[in-house]
Every structure is written in structure tokens, then in C-alpha cells.
Amino acid sequence: MEYLELDIKLNPVSPWDDIIVSQLAELGFESFTNDKTGVKAYGPTADVNMEEVMAQSILGNVPEGLTLSFTQEVIAEQNWNATWEADFEPVFVEDKLTILAPFHDASIAKGMKVEIQPQMSFGTGHHQTTWLMSKALFAEDLQGKRVLDVGSGTGVLAIVAKKLGAGFTMGTDIEEGAVENAIENQGRNDINDITFLLGDIDVVKEDNFDLLLANINKNVLKAHMPTYAALLKSGGKLKLSGFFESDVDELVTIAAQNGFTKEGVLLKEGWAVIQLIKN
Amino acid sequence: MAKEVAGLIKLQIKGGAANPSPPVGPALGAKGVNIMEFCKQFNARTQDKAGKVLPVVITVYSDKSFDFVIKTPPAAVQLLEAAKIKSGSAEPNRVKVAQVTWDQVKAIAEDKLPDMNCFTVESGMKMVAGTARSMGITVKGDFPSN
């Protein structure tokens, strides 16, 4: 995604740096950096309307006593994570699964081998949540089962499910780059029949799933819960992750309100997976 | 043995909204940190403050690991919240858009004192009140005396 950078020089800097941040945060900007001369603001080009910014912030209405100037620059999308991705360690999920990059020596793999090149997508197994979700898949009989992976990132969980014998398998992600990457990664693993879709949960037109995987975050999981219930068949399984052990009770309560029974919780270094069954 | 610090990165990111784009991507990526790991952790830790601007100080170590401290929102953001408005005045000298109380100013000053260039709550309150005035927010009443 293309980002717009506003480089804003302020004199005096304080309190105007704080004020401009409070204004731009309501005008499509997501992140900021501060230095001795002012503030840099960053937002997706698509979310920022400079006319609106000029009308509704001190950029266009410079108050008395403040000297302000700014420049804008569009920053093209690129793989900022390339340095890490060029040289990461393989991940072993006990002796069941090894997640490797194309540059690793495949002979070190133990158990199932899955090759992933992430391209700035999430899901290499390094994170505790991916590791736990992968491990949880090995405890299921997935033969011929219908599987949905929401927030599929690199596609790693869908790929593992498919390699464990899953039937119809689908992944969705709101990031275009992630969907492209998941399609590439299934190809790396000689799979061609996982459907990866771009968009939020509402892009899923299939239902009657046996297993739904969602490693996202607490707020999205809470909002999605009724849809997860609608997409799963009775007795179908839901595995949630992307949150801390301290968030488990809150999510289990909401899951129960949506017709799920807790089967168990897996923990690793403070992160959690909740395993649920649809009543 | 303590790990060797390779650098400190200071950013302000909306709660729940860290992603690998600028400034997070270039700042962390250049140091060889796994950006996705940072985003997952930052977003998980800020789910209850989603959408609020949060200053974060990230310590990157020479082994490419990192940890980070999330601070409370900047005074101006807290003032908007206290005044229950979305943005300050476009012409703060002429158009006042909201009011806050000295109690609210004091609460913000106490909260932000560690990040401000002052030593007492009273001087912090004066700074926060100055920020409020610059935003077209009036502080009700006189500065409270002990």
C-alpha cells in the first residue's frame, strides 16, 4: 500500500507537535515520528484527503505565534521486512512440522515440511500463536474436512491443514500482499487447490465448515464471532489466536454467547489459543 | 549478561493499527527486526486502546530482538477526549470549541509528567493548560491554589 509522508517543521515545536498529531490522527494518518524540528505523519494515501487536512488542521490555518512549513512525499510499497526475511531461522513445531524458507537446507526438516517465503506477511511459525495453531492442527483428524483460515497471512495454516488431508480449504486476508503471498506459498508446496480470497470475513460465500482457524486479534475475533458460528456446521471446531492468556476469559464468554463450548486452551510464553466446538 | 542495545526507536502509533508500512517498517526493518512480530505484539497489547495515538519506545538489541514500552496518549489527544470533541479549533485564538476543568488538566498533567519537561504537577498543569488554549479549549475557572 502506498503511504503519504508529511514532513512538518514547527517553530516552536511544543505544544504544536502534540496538537498536529491529535488533528492528523482524525484525518487518515496512523503513525507519527517526532524530532527536534517537528513531526512526520504517515497515512495510507487512499485514506488522506489533503484538502480536508488543510481545512481541518493547523496546516491550513497556522495560528499566530507559530511558524509552520511542510512537504509531502508518497512512499511506494516495498518489502521493509526484507532484511529479516533474507536470513531467518527455520521453525520446528516439535517433531511434527518444520517451516522453512527456500534458502534453508531442506534436509534438516523433521516431520512435515512446509516452505514459506513471507514477503511481509504474517505466519512463519516464529510467533507463538502460529506455532500453537500449527501444533493444534496435528491433533485433529482433517481427512476430507472443510477448512477456513481467516486472516491467512502467508497461508501457512491453510497449507498445513491441506497437507494433513483437508478437503475444501479456503483462506481470507484483508491485505492484498498477503493473499498474493499465500497463493505463491501454496505453489511452493505443490498445492494448487486452496482458495485464497481478498477481503474481510464477508467475502466468504461458502459455509458448513468443519474447522475454522482465526489468528487475528481480540477486537476482530469478538466482532467476527457470530459469523464464525454461522459458517461452521454443528460440532464444527473453532480455533482462535492472536491474543494473550489474560484475554482468554473475555473471548470464551463471547464465544459461549454465540453457541460455542470451550474444548481447551493452549499457551506459549503468554500467548494463547482457544479451542472451541460449535454446539 | 544484559543484551547489547543496538538502538532506540520512538514512534507514535494508533492502538491496534501497527502495520509494516512507514514509519514502522523502515525504522525496524533497517535494524533487521522481524517487523511482523512487533506489529502482532503491539496490536495485541493495545486492543483496548484501539484507534488512540500511543507513543511507543522500542529498544532493539544487537541480536535483532526487541522490547518496547507503550506510553499514554499525548496531552493534546487526552484533552480532546476530556473535552469530548474530535478535533480542536481551526482558529484557536478566536474560536473556542470546548471547555475542560482544572481537575481534568491535573489528571492529564499527572499522567504525562514523566514525559514532560517539568518537575512538578503544577508546572505540568500550566503546560497542559497552555496546550488546551492553543487548541481553542478553555480551562474553566482559576488555577487552583493549595
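Residues numbered from 1 in each chain as written. Chains lettered and ligands numbered in written order. Predicted model: local features only at pLDDT ≥ 70, side-chain atom pairs only at ≥ 80, totals over all residues. Heavy atoms only, no water.

An unreviewed UniProt entry lists chain B under the name Large ribosomal subunit protein uL11, from Lishizhenia tianjinensis. Under the UniProt heading Function (unreviewed entry), the entry covering chain B gives this text: "Forms part of the ribosomal stalk which helps the ribosome interact with GTP-bound translation factors." (UniProt positions renumbered as here; feature names shortened; annotations may be inferred.)

In the nomenclature of an unreviewed UniProt entry, chain A corresponds to Ribosomal protein L11 methyltransferase from the organism Lishizhenia tianjinensis.

Here we look at the overall build of chain B
Helix and strand counts for chain B come out as 5 helices and 5 strands. Listed by position from the N terminus, the elements making up chain B come as β-α-α-β-β-α-β-α-α-β. Residues classed as buried in chain B amount to 53% of the 146 residues present. The contacts in chain B between residues at least 6 apart in sequence include a share of 59% that link residues at least 24 apart. Within the structure as shown, chain B displays about 6900 Å² of accessible surface, and the carbon and sulfur contribution to it stands at 51%. Taken together, the 19 basic and 13 acidic charged side chains of chain B have centroids lying 5 Å from each other. (Helix = DSSP H or I, 4+ residues; strand = E, 2+ residues; numbered from the N terminus. Buried < 20%, exposed > 50% of the residue type's maximum accessible area, 1.4 Å probe, protein only. Contact = heavy atoms within 4.5 Å. Areas by Shrake-Rupley, 256 points an atom, 1.4 Å probe, with all protein chains shown as cover. Lys, Arg positive; Asp, Glu negative; His and termini not counted. Charge placed at Lys NZ, Arg CZ, Asp CG, Glu CD.)

Regarding the UniProt feature "domain: Large ribosomal subunit protein uL11 C-terminal" (unreviewed entry) in chain B
Under the feature "domain: Large ribosomal subunit protein uL11 C-terminal" (unreviewed entry), the UniProt entry names residues 71-139 of chain B. Along residues 71-139 of chain B the backbone is 49% helical and 9% strand, and the end-to-end C-alpha distance reaches 25 Å.

Some points on the nonpolar core
Within the largest apolar cluster, 46 residues are counted, with the highest numbers of intra-cluster contacts made by Leu-6, Leu-24, Phe-29 and Phe-32 of chain A together with Ile-137 of chain B. In terms of residue count, helix 3 (residues 75-83) of chain B provides more of this core than any other element does, 7 residues in total. Not counting the four nearest positions on each side in its chain, Ile-137 of chain B is found in contact with Leu-79, Leu-80, Ala-83, Ile-85, Ala-98, Gln-99, Val-100 and Ala-132 of chain B. Counting 28 residues, the second largest nonpolar core, distinct from the first, contains Met-112, Val-114, Ala-161 and Leu-211 of chain A. (Core = buried A, V, L, I, M, F, W, Y, C linked by side-chain atoms within 4.5 Å.)

Observations regarding the UniProt feature "domain: Large ribosomal subunit protein uL11 N-terminal" (unreviewed entry) in chain B
Following the UniProt record, the feature "domain: Large ribosomal subunit protein uL11 N-terminal" (unreviewed entry) maps to residues 9-66 of chain B here. Split by type, residues 9-66 of chain B is 29% helix and 28% strand. Its first and last C-alpha atoms lie 10 Å apart.

Concerning helix 5 (residues 121-134) of chain B
Across its 14 residues, helix 5 of chain B extends 20 Å between first and last C-alpha, which sits within 8% of the 20 Å expected from 1.5 Å per residue. Packed against the buried residues of helix 5 of chain B are helix 1 (16-24) of chain A together with helix 3, helix 4 (102-112) and strand 5 (137-139) of chain B. (Expected span 1.5 Å × (residues − 1).)

A few points about the sheet that holds strand 10 (residues 194-198) of chain A
All names here are of chain A. Pairing within the open sheet is mixed, and its 7 strands lie in the order 10-9-8-11-12-14-13. At either margin of the open sheet sits one strand with a lone partner, and together these are strand 10 and strand 13 (260-268). The mean angle between the axes of side-by-side strands here comes to 15°, regardless of whether they run parallel or antiparallel. Of the strands in this sheet, strand 11 (209-215), strand 12 (232-244), strand 13 and strand 14 (271-278) touch helix 4 (residues 128-137), which is tilted by about 35° from strand 14. Helix 5 (residues 156-163) contacts strand 8 (147-150), strand 9 (169-173), strand 10 and strand 11 of the sheet and is inclined by roughly 160° relative to strand 10. (Pairing = 2+ DSSP bridges. Axes fitted to C-alpha atoms, helices over the stretch in contact; angles between N-to-C directions.)

Observations concerning the confidence of the model for chain B
Regions with low pLDDT carry predicted coordinates that are not meant to be interpreted in detail. Summary statistics for chain B give a mean pLDDT of 92 and a share of 99% for residues scoring 70 or more. On the interface metric, ipTM, the complex scores 0.94, and its pTM is 0.94. (pLDDT = per-residue confidence, 0-100.)

Focus on the domain arrangement of chain A
Taken domain by domain, chain A holds domain 1 (3-82) and domain 2 (88-278). A straight line from the C-alpha centre of domain 1 of chain A to that of domain 2 of chain A covers 37 Å. (Domains from an automatic or database assignment.)

Observations regarding the pattern of salt bridges
All names here are of chain A. With the rule as written, the count across this model stands at 19 salt bridges over all chains. The partner of Glu-94 in a salt bridge is Lys-135, and the shortest N-O contact between them spans 3.1 Å. Remark: Lys-135 occurs in helix 4 and Glu-94 occurs in the loop between strand 5 (91-93) and strand 6 (97-100); sequence separation between them is 41 residues. For Glu-94, a relative accessible area of 33% translates into the label partly exposed. A residue is classified by how much of its surface remains accessible, and Lys-135, at 28% relative accessible area, is partly exposed. Of the charged contacts, one joins Asp-210 and Lys-233 as a salt bridge, the two residues approaching to 2.9 Å between their closest N and O atoms. Of this pair, Asp-210 sits in strand 11 while Lys-233 sits in strand 12, and the two are 23 residues apart along the sequence. The exposure class of Asp-210 is buried, given its relative accessible area of 15%. (Salt bridge = Lys/Arg side-chain N within 4 Å of Asp/Glu carboxyl O.)

Regarding helix 1 of chain A
At 3.6 residues per turn, the α-helix brings residues three or four places apart onto the same side. Of all 9 residues that make up helix 1 of chain A, 9 are buried, and the element is covered over most of its length. Taken together, the buried positions of helix 1 of chain A are occupied by Trp-16, Asp-17, Asp-18, Ile-19, Ile-20, Val-21, Ser-22, Gln-23 and Leu-24 of chain A.

Notes on the pairing of strand 3 (residues 66-70) of chain B
Residues and elements named next belong to chain B. Across 5 bridges, the pairing between strand 2 (residues 53-61) and strand 3 is antiparallel. Its bridge partner being in strand 3, Ile-58 is matched across the sheet by Phe-68. Between strand 2 and strand 3, which pair antiparallel one after the other, the connecting turn spans 4 residues, and Lys-64 there sits at a positive phi close to 75°.

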